[in-house]
Amino acid sequence: MKFQDLGLDPQLVKAVEEIGYEEPTDIQATTIPLIRAGRDVFGQSSTGSGKTAAFGLPILERIQHKGRIQVLVLVPTRELCEQVAQEFVKFSKYKSVKILAVYGGVGIGQQIKNLKDTDVVIGTPGRILDHINRRTLDLQNIKFLVLDEADKMFDMGFVRDIRKIIQYVPKARQTLLFSATISSDIIHLAKNYMVNPEKVKAEEYVQTGKLKQIYHNVTVGDKFSLLVHLLAQEKPTVAVVFCATRKRVNSVEKNLKKYTSVLAIHGGLTQSKRNSIMDLVKSGEVNVLVATDVAARGIDIKTVTHVFNYDVPKTSKDYVHRIGRTARAGETGKAITLLCPEDHENFRHVLADSDIDVAEQQDFQRLQFEVIRTDRQRFNHRRFSNNRGSARHSNNRRWR
Ligand code: ADP
Ligand code: MG
């Protein structure tokens, strides 16, 4: 199927074809006709399945430039806010509508000015609520309300803000909710704020054939050495290395500096710092990005070839979000988890839900890991020597 078969406005079809989309993804093919028909839609599909265009295209088709806010898209993070706004700008290349990203951590003055003449607002809940309280955001003309990445917004504790914001949006609107995973909270929200929503669950687009998932059994003391070994072996274009906490992110980044071009990204950084990091990664100057779950949410860098779980994710949901950073839009990718004996219990659930194989045993050089404060207790100094090490694992045993 082609985009034009969906009956979309030729101006939009032309724009998406220029971006390089050849065919609609599953979620796009299913939801676009429903949204065009005026339905409230509750869409579930994995990260990287093309949800932005699934709601962006049919919405943009229905609005004209009026300098009044007709669309409000709520997203969980600033990065995602920029990203969705940029996609909307691309989709509307041949249509004159104004799109504005509204998030916190940056000056509010310019936003207030821009809000007076815009058609689409993509915003994070906190800053949107801030504008509502200042009466600098007029929601009276909203025709479309989108809750994007609803599961993440819940995880990040935005649900109360969202409920408050919805009170200010006219009832006569179309409400669209998109999420990679579904919880009872989300179903509850949908029941409360959507009218007879059509539920759509699309086939996964992160094709497992293109995403290879493996894990290495390794001791805590050997994790860093194995990571360096694997980075050298895999030669990723861009790798995202996930750690459990900010401190761990900083420690791992600091130590990796000796071996590769690396930067850290976590919630403690200013927005401009984060933006410049993302630019360096996109331009290819930096190959490894060490990140926390929250900071990495919504990162859409097409060149991410590898995701490393340096620390195992807490839940299957987190795992799915992490691996969604690679194999974007049908590209190939590899998700590599470093699994310590103490993680087995936690990771058993993830393994049960995913298709992950144990990796071949590796021979690698043991390296020094310089410990930063609170990480100290997690590493045993006596282990560091120049012996050859090996990742311990039981042969081809799958943890299920
Ligand atoms: P999601 O919101 O489901 O995580 P996105 O909307 O961010 O996914 O899309 C993921 C990536 O796939 C983006 O880089 C986007 O430009 C690309 N993409 C979306 N739809 C298509 C398509 N039909 N063909 C090719 N690439 C697409
Ligand atoms: Mg998305």
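Novice: Tell me about the site of ligand 1, and please be specific about residues and values.
Specialist: The full set close to ligand 1 counts 19 residues, and Tyr21, Glu23, Gln28, Gly48 and Thr52 are the nearest of them. Within the backbone of glycine 50, one N or O atom sits 3.1 Å away from an oxygen atom of ligand 1. Between ligand 1 and lysine 51 there is a distance of 2.9 Å, counted from an oxygen atom to a side-chain nitrogen or oxygen. For ligand 1, the accessible surface in isolation is 560 Å², of which the surrounding protein chains cover 94%. A class-by-class count of the residues in the shell around ligand 1 yields four nonpolar, eight polar and seven charged.

Novice: Please give an account of the sheet that holds strand S14 (residues 357–358) that cites residues and values.
Specialist: Strand order in the open sheet formed by seven strands is S10-S11-S9-S12-S13-S8-S14, with parallel pairing between adjacent strands. Looking at which strands have only one partner, the edges of the open sheet turn out to be strand S10 (262–265) and S14. Pairing between strand S8 (residues 211–217) and strand S13 (residues 333–339): seven bridges, direction parallel. Bridging across to S13, leucine 211 finds its partner in glycine 333. Most of the contacts of helix H12 (residues 271–282) go to S10, to which it runs at about 145°, and overall it touches strand S9 (238–242), S10 and strand S11 (288–291).

Novice: Provide a residue-level description of the sheet that holds strand S7 (residues 198–201), including the pertinent values.
Specialist: Strand order in the open sheet formed by seven strands is S3-S4-S2-S5-S6-S1-S7, with parallel pairing between adjacent strands. The sheet is open, and its two edges are formed by strand S3 (99–102) and S7, each paired on a single side. Across the sheet, the axes of successive neighbouring strands diverge by a mean angle of 15°, strand direction being ignored. Strand direction decides the pairing type here: strand S2 (residues 71–74) and strand S4 (residues 120–123), joined by four bridges, are parallel. In the sheet register, leucine 72 faces S4, and the bridge partner there is valine 121. Together, strand S1 (41–44), strand S5 (144–147) and strand S6 (174–179) form the strand contacts of helix H9 (residues 184–193), whose direction differs from that of S6 by roughly 175°.

Novice: Any details on a positive patch on the surface? Residues and values, ideally.
Specialist: Positive charge collects at one region of the surface, where Arg62, Lys66, Arg68 and Lys143 lie side by side. Along the chain, the position of arginine 68 falls in the loop between helix H3 (51–62) and S2.

Novice: Please set out H3 residue by residue, giving values where relevant.
Specialist: With 12 residues, H3 should reach 16 Å at 1.5 Å per residue; the first-to-last C-alpha distance of 18 Å fits that figure. Three or more residues of H3 are buried, namely Lys51, Thr52, Ala53, Ala54, Phe55, Gly56, Leu57, Pro58, Ile59, Leu60 and Glu61.

Novice: Could you give an account of the nonpolar core, with specific residues and numbers?
Specialist: Note on soluble globular proteins: their nonpolar side chains tend to be buried together. Judged by nonpolar contacts, the single largest core of 39 residues is most densely connected at Phe55, Leu57, Val73, Phe88 and Ile122. Core analysis: the second largest hydrophobic core is formed by 31 residues, Ile69, Val121, Ile128 and Ile142 among them.

Conventions adopted
- Residues numbered from 1 in each chain as written.
- Chains lettered and ligands numbered in written order.
- Predicted model: local features only at pLDDT ≥ 70, side-chain atom pairs only at ≥ 80, totals over all residues.
- Heavy atoms only, no water.
- Near = heavy atom within 4 Å.
- Polar contact = N/O pair within 3.5 Å; in protein donor to acceptor, adjacent residues only side chain to side chain.
- Areas by Shrake-Rupley, 256 points an atom, 1.4 Å probe, with all protein chains shown as cover.
- Nonpolar A, V, L, I, M, F, W, Y, C, P; charged D, E, K, R; others polar.
- Pairing = 2+ DSSP bridges.
- Helix = DSSP H or I, 4+ residues; strand = E, 2+ residues; numbered from the N terminus.
- Contact = heavy atoms within 4.5 Å.
- Axes fitted to C-alpha atoms, helices over the stretch in contact; angles between N-to-C directions.
- Patch = residues over 30% accessible without salt bridge, like charges linked within 9 Å, V, L, I, M, F, W, Y side chains within 5 Å.
- Salt bridge = Lys/Arg side-chain N within 4 Å of Asp/Glu carboxyl O.
- Lys, Arg positive; Asp, Glu negative; His and termini not counted.
- Charge placed at Lys NZ, Arg CZ, Asp CG, Glu CD.
- Expected span 1.5 Å × (residues − 1).
- Buried < 20%, exposed > 50% of the residue type's maximum accessible area, 1.4 Å probe, protein only.
- Core = buried A, V, L, I, M, F, W, Y, C linked by side-chain atoms within 4.5 Å.

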